[in-house]
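Per-entry structural report
The chain contents come next:
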Amino acid sequence: MRLAAQLRHEAVAHGKVNLHLGVGDARPDGYHELTTVFQSLALADRMSVSVCEGTAGVASLSVAGADADKVPTDSSNLVWRAAELAGASQALDVRIDKGIPVAGGMAGGSADSAAMLRIMAALNGLDDAQLEEIAAQLGSDVPFTLHGGTMLGTGRGEKLEPLPTSGEYHWVLAVSSEGLSTPKVFATLDELRETNPELPRAGAVDALADALLTGDPEQVAPHLANDLQAAAVELRPGLQDILDAGIQAGALNGIVSGSGPTCAFLCRDATHAEQVAARLRAEKVVDAIYTTHGPVAGAHLITNES
Ligand code: C5P
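Attention here is on the structure that accompanies the text. (Residues numbered from 1 in each chain as written. Predicted model: local features only at pLDDT ≥ 70, side-chain atom pairs only at ≥ 80, totals over all residues. Heavy atoms only, no water.)

1. Observations regarding the pattern of salt bridges
For side chains bearing opposite charge, pairing can occur when the charged atoms are close. Applicable threshold: The term salt bridge refers to a side-chain nitrogen of Lys or Arg lying within 4 Å of a carboxyl oxygen of Asp or Glu. Numbering of helices and strands runs from the N terminus; a helix is a DSSP stretch of H or I covering at least four residues, while a strand is a stretch of E covering at least two. The cut-offs for exposure are 20% and 50% of the maximum accessible area for each residue type, with area from a 1.4 Å probe on protein chains only; residues under the lower value are buried, those over the upper are exposed, and the others partly exposed.
Scanning the entire structure with this criterion turns up nine salt bridges. Residues D25 and R201 are paired through a salt bridge, measuring 3.7 Å at the closest nitrogen-oxygen approach. Of this pair, D25 sits in strand 1 (residues 8-26) while R201 sits in the loop between helix 6 (182-195) and helix 7 (206-214), placing them 176 residues apart in sequence. Taking the relative accessible area as the measure of exposure, D25 reaches 55% and is therefore exposed. Ionic pairing is found between K98 and D45, a salt bridge with its closest N-O pair at 2.5 Å. Here K98, found in strand 4 (residues 91-98), pairs with D45, found in strand 2 (residues 32-52); they are 53 residues apart in sequence, far enough to count as distant.

Here it is, written out as structure tokens:
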């Protein structure tokens, strides 16, 4: 019993929203050059990993919570690969309690793999440089979910620098029960740009970066921008109705989060966010509504019972 308690680790994996997501042209490797501003959100998954008997690596993976049935529990789950790439030397029993919408454009899967890396660092003694290298191999959003806060991301989104901000930003999230495929959303944007080269682009981040220094959501709101939004709305036209409903409900502004389909509405403060959420719930235009805030930390351990 004592041994089991010693070797259990728990971690928190935070979701994210992109305040700015500028997408460049497709690169030869299929990825797109991004200029993005990430903000980590309080909305989170919890992960528990216990060392068990068996072959080194993930021995079992179970998922509970909202949308649990949509999360793969085999080696296609990014958590599995995170354990492998981090050189798991023991058999691991992994449990994830989902709080982040699945396939919702909020980096839930990436955050889980970042939480797994934090646990692997505790188990195997990896340093930050090693974690960062593995994170970039796992996926474009994994390095950010490892760090959290507010960061400017370039390259695939994996090259990060902290962006100074002040204040707390309160969000209402409108979650659709059916996710969107990220590669499909990027491909749809390429097609839209081919047929309409004049399609507006998110442009530079400077105005948003200046507004974030004020700590005033009213100043930040007009600068929210996401190039993937047009593609997400093309694939799921109902998203425009949800975006319109959020503004009608009093939000300062609304955007599709990442590749969608979650829509994120910026509000003045926590009370305002609850009011907007209540109005949106009454409209019944969306499957689920959450309130949350950012920026918060990245993936981190919450207990280490050694
Ligand atoms: O890096 P990740 O595996 O999360 O990316 C998922 C997919 O999203 C990629 O296969 C690619 O189709 C698309 N993507 C992209 N450009 C990026 C990031 C992701 O085209 N910068």
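2. Let's talk about the layout of surface pockets
Note the threshold: Each cavity reported here is a set of points on a 1 Å grid over the protein atoms alone in which a 1.4 Å probe fits but cannot get out, each pocket an open set with protein on both sides within 12 Å along at least five of seven lines, and each lining residue one with an atom within 4 Å of a point. Grid points are joined across faces, edges and corners, and a volume is the space filled by probe spheres set on the points. When residue character is reported, Ala, Val, Leu, Ile, Met, Phe, Trp, Tyr, Cys and Pro are called nonpolar, Asp, Glu, Lys and Arg charged, and the others, Gly included, polar.
The calculated volume of the largest pocket comes to roughly 1000 Å³. Lining the largest pocket are 40 residues, with A107, S110, D141, T182 and S259 sitting closest to its centre. When contributions to the lining of the largest pocket are tallied by element, the ones reaching two or more residues are strand 1, strand 2, helix 3 (108-124) and helix 6. Looking at the lining of the largest pocket residue by residue, the class counts come to 17 nonpolar, 17 polar and six charged. Counted as a void, the second largest pocket has a volume near 190 Å³. For the second largest pocket, the lining is made up of 13 residues, of which P200, N226, D227, Q229 and A230 are closest to its centre. Taken together, the residues that form the lining of the second largest pocket break down as eight nonpolar, two polar and three charged.

3. Overview of the packing of helix 6 against helix 9 (residues 228-235)
Put simply, the test is: As a rule, the C-alpha atoms of each element are fitted with a line to give its axis, helices using only the stretch in contact, and angles between N-to-C directions run from 0 to 180 degrees. Roughly parallel means an angle under 35 degrees; roughly antiparallel means over 145; roughly perpendicular covers 65 to 115; every other angle is labelled oblique. Contacts are assigned to residue pairs with any non-hydrogen atoms lying within 4.5 Å of each other.
Orientation of helix 6 relative to helix 9, taken along the N-to-C sense of each, is 100 degrees, at an axis distance of 8 Å. As judged from the angle between their axes, helix 6 and helix 9 are roughly perpendicular. Residues K184, V185, F186, T188, L189 and L192 of helix 6 pack against L228, A230, A231, A232, E234 and L235 of helix 9. Looking at the contact of helix 6 with helix 9 residue by residue, the class counts come to nine nonpolar, one polar and two charged.

4. What about the side chain of T150?
Relative to the assigned elements, T150 resides in strand 5 (residues 150-154). Its relative accessible area of 7% is what places T150 among the buried residues. Not counting residues up to four positions away in its chain, the partners in contact with T150 are V37, F38, Q39, P162, L163, T165, L212 and P295.

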